[in-house]
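# Notes for the structure review
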Amino acid sequence: LVEGGVVVDEMGCSTGERGLGCEEGSYQTPVGWHEVAEKIGDGVKLGGVFRSRKWEGEVRRWRRI
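Predicted model only: the values in this text are computed from it and were never measured.

Turning our attention to the environment of Ile40. Here Ile40 shows up in the loop between strand 2 (6-7) and strand 3 (48-51). Accessibility expressed as a relative area gives 38% for Ile40, which makes it partly exposed. In the structure, Ile40 is positioned 15 residues away from Trp55 in sequence and 9.3 Å away in space, judged by C-alpha atoms. Excluding anything up to four places from it in sequence, Ile40 contacts Phe50 and Arg53.

In structure tokens, the structure reads:
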């Protein structure tokens, strides 16, 4: 989280099941800085699994990194 050009917090995030990578069409999560464009998942339990931006009822164990 950057406020006024200063990093005030860092958080882990969930990435695609195909891991990290920058090859176009690989369905991997690109490395680097990302900006949150839209918040989804309000009301879903921590660890909720989303597919195509939709929660399908699955919840996995979650751990803080």
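Picking up after the structure, the text goes on.
Here we come to the pairing of strand 4 (residues 54-59). Taken residue by residue, a regular strand's side chains alternate between the two faces of the sheet. As paired elements, strand 3 and strand 4 share 3 bridges and run antiparallel to each other. From the neighbouring strand, Arg51 faces strand 4, where its bridge partner is Lys54. Adjacent in sequence and paired antiparallel, strand 3 and strand 4 are bridged by 2 residues, among which Ser52 carries a positive phi angle near 55°.

The rules behind these values
Per-chain numbering applies: the sequence of each chain, read as written, is numbered from 1 onward. Where local features are concerned, this predicted model is filtered to residues with pLDDT of at least 70; where side-chain atom pairs are given and counted, the filter is 80 or more; whole-chain, interface and lining totals use all residues. Only hydrogens and water are set aside; all other atoms, that is, all heavy atoms of the structure, feed into the side-chain values. A run of H or I in DSSP becomes a helix once it reaches four residues, and a run of E becomes a strand once it reaches two; helices and strands are each numbered from the N terminus. Burial here depends on accessible area, computed with a 1.4 Å probe over protein chains only, as a share of the maximum for the residue type. Under 20% is buried, over 50% is exposed, and the range in between is partly exposed. Between two residues, a contact is recorded if the distance between any of their heavy atoms is within 4.5 Å. Pairing between strands is defined by DSSP: at least two bridges between them are needed.

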